[in-house]
Amino acid sequence: MDPSKIRQRIGRFRILVIGRANAGKTTILQRVCNTRENPQIYNSAGKKIDPKVLMASTERGEHDIENEMVFRNNPGFVFHDSRGFEAGGESEFDKMKAFIASRSKETSIKDQLHVIWYCIPMDEASRSFTEGEIKFFSQCDTGSIAVIVLFTKFDALYDVAYAQLKSKGASMEEAEELAPKHAEESFAIGSQLKFLYHSKDIRRPPKRHICLPNMDKDDADCGPLIECTAGTLDNEVLQQLFVSTQQANLELCMKYAVER
């Protein structure tokens, strides 16, 4: 089907973004939508919410997962934000589960959730999975909605890799150059991924994961995230909608156009 006809039929690609404060969620969404602006927020009825009203609600601890975040630079994406649900966050967790279940039952594809991005920041020493993250991947049934884990702030691991390379005799220049690759290779065989995909505590592992370093930089590359997400979608119509909506990876547009 022609991408323009798909967009006319479905409208927008809908993503649920999960992750606690400071997980780098907004920065990544800005990169995907190729903007530095903050998103505009709409309620479930489609009415734009005044930022002052939204801020007041946030300060009171209120949060509505049904609200839609849309960036003016690319209104083809609509994002829903679910805050982290750590110890004591039972209410947030239940709201998130109900939201996913409700969207899964929608008969119209335009109202369904199309993918879930779960953001886990790596900028904490000896980063292990939190209680809330384990709870999600052990208890939350997302049905046919693919879940992708985004290991954000991955460049925080570069310093560790640098120190390891230096201890093995590498020069400062060599260690600095090799640190990113060393960090990725170490992470690929490390305890976090073994736990995420093979632990008995994780009954519903994600479909894929992606490591995202330096997303706060002006030349940040979110192409790998775009390609990973496109490859995760089994529904060809949704895949075409996603690829044609994103603006960060034009090569991917051409690739899927040729494959069709």
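Residues numbered from 1 in each chain as written. Predicted model: local features only at pLDDT ≥ 70, side-chain atom pairs only at ≥ 80, totals over all residues. Heavy atoms only, no water.

Trainee: Even after reading the chapter, I still don't get the overall build of the chain, so can you show me in this structure?
Mentor: Scanning the chain for helices and strands turns up 11 helices and seven strands. Look at the contacts in the chain between residues 6 or more apart in sequence, and 70% of them connect residues 24 or more apart. Taken as a whole, the chain presents about 13,700 Å² of accessible surface, with 49% of it coming from carbon and sulfur. (Helix = DSSP H or I, 4+ residues; strand = E, 2+ residues; numbered from the N terminus. Contact = heavy atoms within 4.5 Å. Areas by Shrake-Rupley, 256 points an atom, 1.4 Å probe, with all protein chains shown as cover.)

Trainee: Would you explain the packing of aromatic side chains in this entry?
Mentor: In this description, an aromatic ring pair is defined by two values, namely the gap between the centres and the angle between the planes. Across all of its chains, the model carries 13 aromatic pairs by this definition. Note on phenylalanine 151 and phenylalanine 187: the rings are 4.8 Å apart at their centroids and 75° apart in plane angle, and the pair reads as edge-to-face. Of the two residues, phenylalanine 151 is situated in strand β6 (residues 147–152) and phenylalanine 187 in helix α7 (residues 172–188); the sequence distance between them amounts to 36 residues. Of the residues examined, phenylalanine 187 reaches a relative accessible area of 4% and is grouped as buried. Members of the aromatic cluster, connected to one another through ring pairs, are Phe13, Phe71, Phe77, Phe79, Trp117 and Phe242. Taking the ring centre of phenylalanine 93 as reference, the NZ or CZ of lysine 135 above it sits at 4.5 Å. (Phe/Tyr/Trp six-rings, centres within 6.5 Å; stacked < 30°, edge-to-face > 60°. Buried < 20%, exposed > 50% of the residue type's maximum accessible area, 1.4 Å probe, protein only. Lys NZ or Arg CZ within 6 Å of the ring centre and 35° of its normal.)

Trainee: Explain unusual backbone geometry to me, please; I cannot follow it from the model alone.
Mentor: The general pattern is negative phi for most residues beyond glycine and trans for most peptide bonds. Of note in the backbone geometry, lysine 153 takes a positive phi value of approximately 55° without being a glycine. With respect to the helices and strands, lysine 153 occurs in the loop between β6 and α6 (158–167). The phi dihedral of asparagine 214 is positive, around 55°, even though this residue is not glycine. Topologically, asparagine 214 is positioned in the loop between β7 (208–212) and α9 (223–232). According to the relative accessible area criterion, asparagine 214 is partly exposed, its value standing at 24%.

Trainee: I'm lost on the sheet that holds strand β2 (residues 40–42) in this one. Help?
Mentor: The strands making up a sheet are joined through hydrogen bonds of the backbone, oriented either antiparallel or parallel. In spatial order, the strands read β2-β3-β4-β1-β5-β6-β7; together these seven strands make up an open sheet with mixed pairing. At either end of the open sheet lies a strand with only one pairing partner, and these are β2 and β7. Between one strand axis and the next, the sheet turns by 30° as a mean value, whatever way the strands run. In terms of strand pairing, strand β1 (residues 13–18) meets strand β4 (residues 74–82) through six bridges, oriented parallel. Bridge pairing in β4 places isoleucine 18 opposite serine 82. Set on the sheet, helix α4 (residues 90–104) makes contact with β1, β4 and β5 (115–121); between it and β1 the angle comes to about 160°. (Pairing = 2+ DSSP bridges. Axes fitted to C-alpha atoms, helices over the stretch in contact; angles between N-to-C directions.)

These values are about where atoms sit, not about what they do.
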